[in-house]
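Take a look at the letters that make up each chain.
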Amino acid sequence: MTSTLRRRPAQRRSVERVERMLDECALLLDEVGYDALTTKEVARRAEVPIGTFYQFFHDKQGLVRALARRNLEAFLQRVVQRIQQARPAHWGELADLTIDEFVEMKRTTPGFGVVDFGEVLAAPGGPAVGGSKRALDETQENGMVVAERMRALTLHLVDAPASPELDRALLVAIEASDSVLKLAFRADPAGDPNLIAECKKLVRRYLADHLPPLPEQD
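Residues numbered from 1 in each chain as written. Predicted model: local features only at pLDDT ≥ 70, side-chain atom pairs only at ≥ 80, totals over all residues. Heavy atoms only, no water.

Engineer: Let's hear about the environment of Asp96: which residues, and what values?
Structural biologist: When you line up the elements, Asp96 lands in helix α5 (residues 91-108). Within the structure, the side chain of Asp96 is placed 3.0 Å from the side chain of Arg204, a separation counted as a polar contact. (Helix = DSSP H or I, 4+ residues; strand = E, 2+ residues; numbered from the N terminus. Polar contact = N/O pair within 3.5 Å; in protein donor to acceptor, adjacent residues only side chain to side chain.)

What follows is the structure, given as structure tokens:
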């Protein structure tokens, strides 16, 4: 993926400053929303000079894109841990735990309800007010990037065979679940449990119809 940073922090102090700015960005997104978010306030709350902000980020759009990438990495790490613990026996179980982790991050991770993997929402669930469909990578839409990362993770952890069918099925499942989960969080700030259950049912049935069973786990 292409970089959202003007330059990468090399020293520990710089890394900590960038992380503080991302942390404060996430908190401010929850507090004031995207439109009222300012680089000046992020820098003030992160206790860094505004010039330091612009050493690493072009503007607030670049900051939010960096937050989206950090969110994606955190989500994938959590899914990896869940797969390793649960060792899913079929695609339905894998889909359920992936959706559960996404919902949990929507409920508990600062800023994730406004910007998860790139698209900026006016409120949890939408509508979109900013960001970019290519916030994670300038050459691919966000859903494609997430699908590719999920594919790599899946092939590594559950020893599933690579195939065009797997690529297509994961992309469709991700795009479909994204739409239904947005609906769930529009209906209820905590995520409507009935709609979340319907999302799981939809994805389980779709994957069962389009992918072979997972290999047996040792």
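There's plenty left to go through after this.
Engineer: Go over the environment of Ile99, please, and point to the residues and values.
Structural biologist: Take Ile99: it is sitting in helix α5. Ile99 gets classed as buried once you look at its relative accessible area, which sits at 6%. Measuring from C-alpha to C-alpha, the distance between Ile99 and Gln11 comes to 36 Å, with 88 residues separating the pair along the chain. Setting aside chain neighbours within four positions, we find Ile99 in contact with Leu181, Ile196, Cys199, Lys200 and Val203. (Buried < 20%, exposed > 50% of the residue type's maximum accessible area, 1.4 Å probe, protein only. Contact = heavy atoms within 4.5 Å.)

Engineer: Can you break down helix α7 (residues 164-187) residue by residue, with the values?
Structural biologist: Counted at 1.5 Å a residue, the expected span for α7 with its 24 residues is 34 Å, and the 35 Å between its end C-alpha atoms agrees. Three or more residues of α7 are buried, namely Leu166, Ala169, Leu170, Ala173, Ile174, Ser177, Val180, Leu181, Lys182, Ala184 and Phe185. (Expected span 1.5 Å × (residues − 1).)

Engineer: Pulling in residues and values, what's your account of the nonpolar core?
Structural biologist: Core analysis: the biggest nonpolar cluster contains 61 residues, and Met21, Phe57, Phe75 and Leu207 have the highest contact counts within it. At the level of secondary structure, the elements contributing two or more residues to this core comprise α1 (12-32), α2 (39-46), α3 (50-56), α4 (60-86), α5, α6 (142-158), α7 and α8 (193-210). The element contributing the most residues to this core is α4, with 10 residues. Excluding residues within four positions of it along the chain, Phe75 makes contact with Thr98, Glu101, Phe102, Met105, Phe117 and Met150. (Core = buried A, V, L, I, M, F, W, Y, C linked by side-chain atoms within 4.5 Å.)

Engineer: Just give me the short version of the confidence of the model for the chain, but keep the residues and values in it.
Structural biologist: Summary statistics for the chain give a mean pLDDT of 88 and a share of 91% for residues scoring 70 or more. The weakest mean pLDDT in the chain belongs to strand β2 (residues 128-131) at 70; the strongest belongs to α2 at 97. (pLDDT = per-residue confidence, 0-100.)

Engineer: Account for the side chain of Thr98, with residues named and values stated.
Structural biologist: Among the structural elements, Thr98 can be located in helix α5. At 2.8 Å, the side chain of Thr98 forms a polar contact with the backbone oxygen of Leu94. What Thr98 contacts, discounting residues up to four positions off in sequence, is Phe75, Val79 and Met150.

Engineer: Break down the packing of aromatic side chains for me, with residues and values.
Structural biologist: By convention here, two paired aromatic rings are described through the distance between centres and the angle between planes. One pass over the full model with this rule turns up 7 aromatic pairs. Taking 5.5 Å as the distance between ring centres and 70° as the angle between the ring planes, the aromatic pair formed by Phe102 and Phe112 counts as edge-to-face. With a gap of 10 residues between them, Phe102 in helix α5 and Phe112 in the loop between α5 and β1 (119-121) connect regions that are remote in the sequence. Three or more aromatic residues link up through ring pairs in this structure, and these residues are Phe75, Phe102, Phe112 and Phe117. (Phe/Tyr/Trp six-rings, centres within 6.5 Å; stacked < 30°, edge-to-face > 60°.)

Engineer: Account for the packing of α1 against α2, naming residues and giving values.
Structural biologist: Running from N to C, α1 and α2 point in directions that differ by 120°, and their axes come no closer than 9 Å. As the angle between them shows, α1 and α2 are arranged oblique. Crossing of α1 against α2: the hand is right-handed. Contacts from Arg20, Met21, Glu24, Cys25, Leu27, Leu28 and Glu31 in α1 reach Glu41, Val42, Arg45 and Ala46 in α2. Residues of the contact of α1 with α2, tallied by class, amount to 6 nonpolar, no polar and 5 charged. (Axes fitted to C-alpha atoms, helices over the stretch in contact; angles between N-to-C directions. Parallel < 35°, antiparallel > 145°, perpendicular 65-115°, else oblique. Left-handed = near helix turned anticlockwise from the far one by under 90°. Nonpolar A, V, L, I, M, F, W, Y, C, P; charged D, E, K, R; others polar.)

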